[in-house]
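# Residue-level structure breakdown
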Amino acid sequence: MTGPEMHALVERLYPLCRSITGDGVRATLDIVGEHLDLQVHEVPTGTEVLDWTVPREWNVRDAYIKDPSGRRVVDFRRSNLHVVGYSVPVSATMSLAELRPHLHTLPEQPELVPYRTSYYAETWGFCLSQDTLDGMGDGPYEVVIDSTLADGHLTYAEHVVPGTSEDEVMISCHVCHPSLANDNLAGIAVAVALAKSLDQPRHTYRFLFAPGTIGAITWLARNRERVGRVKHGLTLACAGDPGRLTYKRSRRGEAVIDRAVTHVLGDRPHHVLPFSPYGYDERQFCSPGFNLPFGSLTRTPYAGYPEYHTSGDNPEFVSPSALADTLEVLRQVAGVLDGERTYLNLSPYGEPQLGRRGLYGSLGGRSDTKQAQMAMLWVLNLSDGEHSLLDIAQRSDLPFAALREAATALLAAGLVKETA
Ligand code: ZN
């Protein structure tokens, strides 16, 4: 998928009213399912998952605040951010003073509508711009939230790209935010594109599309016996804003995924952050009982931009080129994870004669001859059985793909053998 195709997917998913449960999640997965074969799971309300319980399912059809003239001052149909997520139903006539405790604004960003939820405390509310609130008279207002909070299901989906190995790479995206483009949809779009681009990978790639926190916890609870298969993991979010790429290390800190991502980010502008038990679902995957090697890839990180969790995080905030850039990095990371091997130099006493074996000739005429030659020398020198290609990449500062190519040529010439 190209950047514009990923952006079109973001735009298509944007209007849907997602939450941690409900039909918005299902509609989102239906659209993702047009691109990928999805296994959709429905987990009933009340199911115990680790220390949590699957909540009641929330759905909303309409919501508004009507002024005395009958005009919808705040209208769910214009933006689903206007309703506090998990609001219980309400139908009442109120003065502004009575309504005021249920209204949420951002006084510092008066033109933006905030995103608010109340999953675990039963309440209701509206989000609106401070500018709108400032224009509201005393009322009375007709206040309606046509929602249901009832026993139902939590919905999540998986897509698996089988590899030649059962060892898994897992990519996890949250699908629980309503109209928020970067924080939610950009990650989904890039994950879809990555899944479609994988062609007979070595690892099995598992993509998880699940609501934040409770979805990851539900997946972990239902896969407790098999989580050991996950050898490398990433949460993917905020994948399309104009900022630099940011990698947050796994709890382990120096897992292969940490080394692979930081190597690929290499010379491009980027940030690397240490692990912290906050942010996206890496905090569940890296909880100490599981301690999976899960890092987090974003552009501008969690809560790091003024549009975060506001109506400013719309499809215009996400660019096709940023989506394409995030995808390119992930494809290179997959190349490292799938290409990682350890070799043993079979001619370790002095440098073997490369020219005699045609290994110089094969490099002729290439613009990257010097790099290809250096890659061969590095692979020969460090392939003592102790160093993998990724170790060599980190030590030599050469691109992993160049080392992989050199190793393949050396293997064909009988100068190295694969040990792992
Ligand atoms: Zn968020």
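Residue positions are counted from 1 within each chain, in the order its sequence is given. At least 70 in pLDDT is required for a residue's local features to be given in this predicted model, at least 80 for side-chain atom pairs to be given and counted, and no such filter applies to totals for whole chains, interfaces and linings, which use all residues. Hydrogens and water are ignored here; the side-chain numbers use all heavy atoms of the structure.

### Some thoughts on the domain arrangement of the protein chain
Spelled out, the test is: The start and end points of each domain follow an automatic or database-based domain assignment. Only heavy atoms matter for contacts: two residues are in contact if any of them lie within 4.5 Å across the pair. Take the accessible area each of two parts loses on contact, using a 1.4 Å probe, and add the two losses: that sum is the buried area. Any Lys or Arg side-chain nitrogen found within 4 Å of a carboxyl oxygen on Asp or Glu counts as a salt bridge. We call Asp, Glu, Lys and Arg charged. Ala, Val, Leu, Ile, Met, Phe, Trp, Tyr, Cys and Pro are nonpolar, and the rest, Gly among them, are polar.
Here the protein chain is partitioned into domain 1 (3-55 + 153-338), domain 2 (57-150) and domain 3 (341-418). The gap between the C-alpha centroids of domain 1 and domain 2 is 30 Å. With 25 residues of domain 1 in contact, the opposing surface of domain 2 contributes 17 residues. Approximately 1600 Å² of surface area, both sides summed, lies buried where domain 1 meets domain 2, with 55% of it carried by carbon and sulfur atoms. Between the two partners, domain 1 and domain 2, sit one salt bridge. A salt bridge links Arg26 to Glu57, with the nearest nitrogen and oxygen atoms 2.9 Å apart. Tallied by class, residues from the side of domain 1 that touches domain 2 come to 12 nonpolar, 11 polar and two charged.

### Things to note about the pattern of salt bridges
Filter applied, for reference: Secondary structure elements are taken from DSSP: a helix is a run of H or I of four residues or more, a strand is a run of E of two residues or more, and numbering for both begins at the N terminus. Partly exposed describes any residue whose relative accessible area lies between the buried limit of under 20% and the exposed limit of over 50%, with all areas from a 1.4 Å probe on protein chains only and scaled to the type maximum.
Scanning the entire structure with this criterion turns up 19 salt bridges. The shortest N-O distance in the salt bridge between Asp146 and Arg61 comes to 3.1 Å. With a gap of 85 residues between them, Asp146 in strand β9 (residues 141-150) and Arg61 in strand β4 (residues 57-66) connect regions that are remote in the sequence. On the accessibility criterion, Asp146 (32% relative accessible area) is partly exposed. Exposure remark for Arg61: the relative accessible area of 45% places this residue in the partly exposed category. The partner of Asp325 in a salt bridge is Arg268, and the shortest N-O contact between them spans 2.5 Å.

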